[in-house]
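Listed below, chain by chain, are the residues.
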Amino acid sequence: MGFTFTTMTLNLLLLIAMVATNILSLYHLSSTLQSPKSPKPPPPVPDQLLHQLHTIRATINHLTRLQNTNPTKKSTIPSDLLLYSHLSPIASSCHNHPELLHKYMTYTPFSLCPSDSDLAESLILRGCHPLPRRRCFSQTPQKPIPPNSLPQHPFSSSLPDNAVVWDHYTCKSFDCLNRQNPNLGFEPSRDVSKFNSYKSDLDLPIQQLFQIAKAAKSVLRLGLDVGGGTGSFAAAMKLRNVTVVTTTMNVAAPNSEAVALRGLVPLHVPLQQRLPLFDGVVDLVRCGRAVNRWIPVTVMEFLLFDADRVLRGGGYLWLDHFFSKGVDLEKVYAPLIGKLGYKKVKWATGNKTDASGVKNGEVFLTALLQKPVSR
């Protein structure tokens, strides 16, 4: 019954659209016909009329596509995706990956959500952000820990495994992640001195950062850490009563959960998307090693200008151990950073001495730049 009603509605709309097309065509024809004695050519079709005709034709094509050629076959578009698209616009990049999007939105409403955080991650990294909302209940760990057992310090000795749903990760514990790579930040106590030590000119200890701000009669109250991993910088700033939120992605590891377990705020935002903050509201934007030469130059340019957007006048942009090929730093990235017109408070470079750095002639850059107070 519902299908028959839908088909009749579509046919009626098609009929109305076709009649409107014919009426407009006849109107234009009658207004341009000349007497047989007049050899003058007909005037050009008005732009407004052309626009109306194009709109009607596009509507006809759209309605024709909606008509199912096989009446016995149901629509392949998930019902909740159709419903949500009427409530709120969906990011254009989502439509470039219909199979992933349909899979993500294929679920049973008002029941437990599928265990598909990896699918959500794939869509977000492809530019489908924000994702459509769903009407299902998020999964929780099988053995949740009591709230009073959560870490009380941002640099605790360990993070509780029971606070994470490990379904889509090769490792099933934080210890496993630490064994694979102890520098990823999943053992917070190892990072307690990370932003307080000075080993080379590439380092900028937090104490020095505060001294620089004080000398410039500036303040550090609110900050954003772009690509901040497990939130070690935000944790170090928390100990100094500075609020820093961290953008991070769960690529092969539960970074967002680790940030939250440390009592910090994770923003699940990819590098290519607009920062979810209003203009001129933070004192500091730090870009860690996730911001590097592997980001396309155009994306990097938009990222830098978006950082400028959220920084207040007199705020600081900190590129911490950004790396690129040495020749590209001079010819590409330095001019790109220079477009901001910021004051260079610190600009230090050094060779990247690991195997990849030696092979590709890569260098590090640590730069602290101050936005003009007014423009």
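Above this note sits the structure.
Bear in mind that the values here come from a model prediction, so they are computed numbers and not experimental data. (Residues numbered from 1 in each chain as written. Predicted model: local features only at pLDDT ≥ 70, side-chain atom pairs only at ≥ 80, totals over all residues. Heavy atoms only, no water.)

This paragraph deals with the overall build of the protein chain. A count of helices and strands for the protein chain gives 12 helices and 7 strands. Within the protein chain, the proportion of its 375 residues that are buried is 42%. Of the contacts formed within the protein chain by residues at least 6 apart in sequence, a portion of 69% connects residues at least 24 apart. Carbon together with sulfur atoms contributes 58% to the accessible area of the protein chain, which is approximately 21900 Å² in total. (Helix = DSSP H or I, 4+ residues; strand = E, 2+ residues; numbered from the N terminus. Buried < 20%, exposed > 50% of the residue type's maximum accessible area, 1.4 Å probe, protein only. Contact = heavy atoms within 4.5 Å. Areas by Shrake-Rupley, 256 points an atom, 1.4 Å probe, with all protein chains shown as cover.)

Attention shifts here to the sheet that holds strand S7 (residues 362–370). The pairing of strands in a sheet comes from backbone hydrogen bonds and takes either a parallel or an antiparallel form. Pairing is mixed across the open sheet formed by 7 strands, whose spatial order is S3-S2-S1-S4-S5-S7-S6. Lying at the two open borders of the sheet, with one neighbouring strand each, are strand S3 (266–267) and strand S6 (343–351). Across 2 bridges, the pairing between strand S2 (residues 243–247) and S3 is parallel. Looking at S3, one finds that Thr 246 is bridged to Pro 266. Where helix H7 (residues 206–215) meets the sheet, its contacts fall on strand S4 (282–287), strand S5 (311–325), S6 and S7, and the angle it forms with S5 comes to roughly 145°. Of the strands in this sheet, strand S1 (222–226), S4 and S5 are in contact with helix H10 (residues 297–310), which crosses S5 at around 155°. (Pairing = 2+ DSSP bridges. Axes fitted to C-alpha atoms, helices over the stretch in contact; angles between N-to-C directions.)

Orientation of H10 relative to helix H11 (residues 326–338), taken along the N-to-C sense of each, is 25°, at an axis distance of 10 Å. What the angle tells us is that H10 and H11 run roughly parallel. Relative to H11, H10 is oriented so that their crossing is right-handed. Here H10 contributes Val 297, Met 300, Glu 301 and Leu 304 to the contact with H11, which in turn contributes Val 332, Tyr 333, Leu 336 and Ile 337. Residues that form the contact of H10 with H11 fall into these classes: 7 nonpolar, no polar and 1 charged. (Parallel < 35°, antiparallel > 145°, perpendicular 65-115°, else oblique. Left-handed = near helix turned anticlockwise from the far one by under 90°. Nonpolar A, V, L, I, M, F, W, Y, C, P; charged D, E, K, R; others polar.)

Turning next to helix H5 (residues 117–125). Within the sequence span of H5, burial applies to Leu 119, Ala 120, Glu 121, Leu 123 and Ile 124. In the core, the buried residues of H5 are packed alongside helix H4 (98–105). Gly 127 sits one or two residues past H5 and shows a positive phi near 95°.

To continue, consider the packing of aromatic side chains. Here the structure, examined in full by the defined rule, presents 7 aromatic pairs. Aromatic pair Phe 233 and Trp 318: ring centres 5.5 Å apart, planes at 80°, arrangement edge-to-face. Of this pair, Phe 233 sits in helix H8 (residues 232–238) while Trp 318 sits in strand S5, placing them 85 residues apart in sequence. Taken as a pair, Phe 233 and Trp 318 share a single burial class, namely buried. Summarising the aromatic geometry, the rings of Phe 323 and Phe 364 are spaced 6.3 Å apart at their centres and angled 90° between planes, so their arrangement reads as edge-to-face. Linking Phe 323 in strand S5 with Phe 364 in strand S7, this pair joins segments that are 41 residues apart in sequence. Grouping residues by exposure puts Phe 323 and Phe 364 together as buried. An aromatic cluster is built from Trp 166, Tyr 169, Phe 174 and Phe 186, whose rings are joined through pairwise contacts. Stacked on the ring of Phe 233, the Lys or Arg Arg 286 has its end atom at 5.2 Å from the ring centre. Its end group placed over the ring of Trp 318, Arg 286 keeps NZ or CZ at 5.7 Å from the ring centre. (Phe/Tyr/Trp six-rings, centres within 6.5 Å; stacked < 30°, edge-to-face > 60°. Lys NZ or Arg CZ within 6 Å of the ring centre and 35° of its normal.)

Counted according to the given criterion, the structure contains 3 disulfides. Between the sulfur of Cys 171 and that of Cys 176 lies a disulfide, 2.0 Å long from S to S. Here the S-S torsion is close to -60°, and the disulfide linking Cys 171 with Cys 176 is therefore left-handed. Here Cys 171 and Cys 176 have matching classes, each one buried. Regarding the disulfides, the protein chain carries the connectivity 1-3, 2-4, 5-6 under sequence-order numbering of its bonded cysteines. (Disulfide = S-S within 2.5 Å.)

Moving on: the environment of Leu 271. Along the polypeptide, Leu 271 turns up in the loop between S3 and S4. The spacing of Leu 271 and Thr 248 is 23 residues in sequence and 8.7 Å in space, taken between C-alpha atoms. For Leu 271, the contacting residues outside a window of four places in its chain are Val 226, Gly 227, Ala 290, Val 291, Ile 295 and Leu 303.

Moving on, we get to the pattern of salt bridges. For the structure shown, the criterion picks out 15 salt bridges. Across the salt bridge formed by Asp 283 and Arg 312, the nearest N and O atoms sit 2.4 Å from each other. Remark: Arg 312 occurs in strand S5 and Asp 283 occurs in strand S4; sequence separation between them is 29 residues. Asp 306 serves as the salt-bridge partner of Arg 309, at 2.6 Å between the closest nitrogen and oxygen. One end of the pair, Arg 309, and the other, Asp 306, are both in helix H10, 3 residues apart, so they sit about a helical turn from each other. By the burial criterion, Arg 309 is buried, and Asp 306 matches it. (Salt bridge = Lys/Arg side-chain N within 4 Å of Asp/Glu carboxyl O.)

Among the 15 residues of S5, 13 are classified as buried, and the element is accordingly described as predominantly covered. Judged from the 5 bridges that link them, S4 and S5 form a sheet pairing that is parallel. Counterpart to Cys 287 in the pairing with S5 is Leu 319. After leaving S4, the chain enters H10 and then returns to the sheet as S5, a path that is right-handed. Here S5 runs beside S7; their pairing, made up of 8 bridges, is antiparallel. (Right-handed = clockwise from strand over helix to strand, strands pointing away.)

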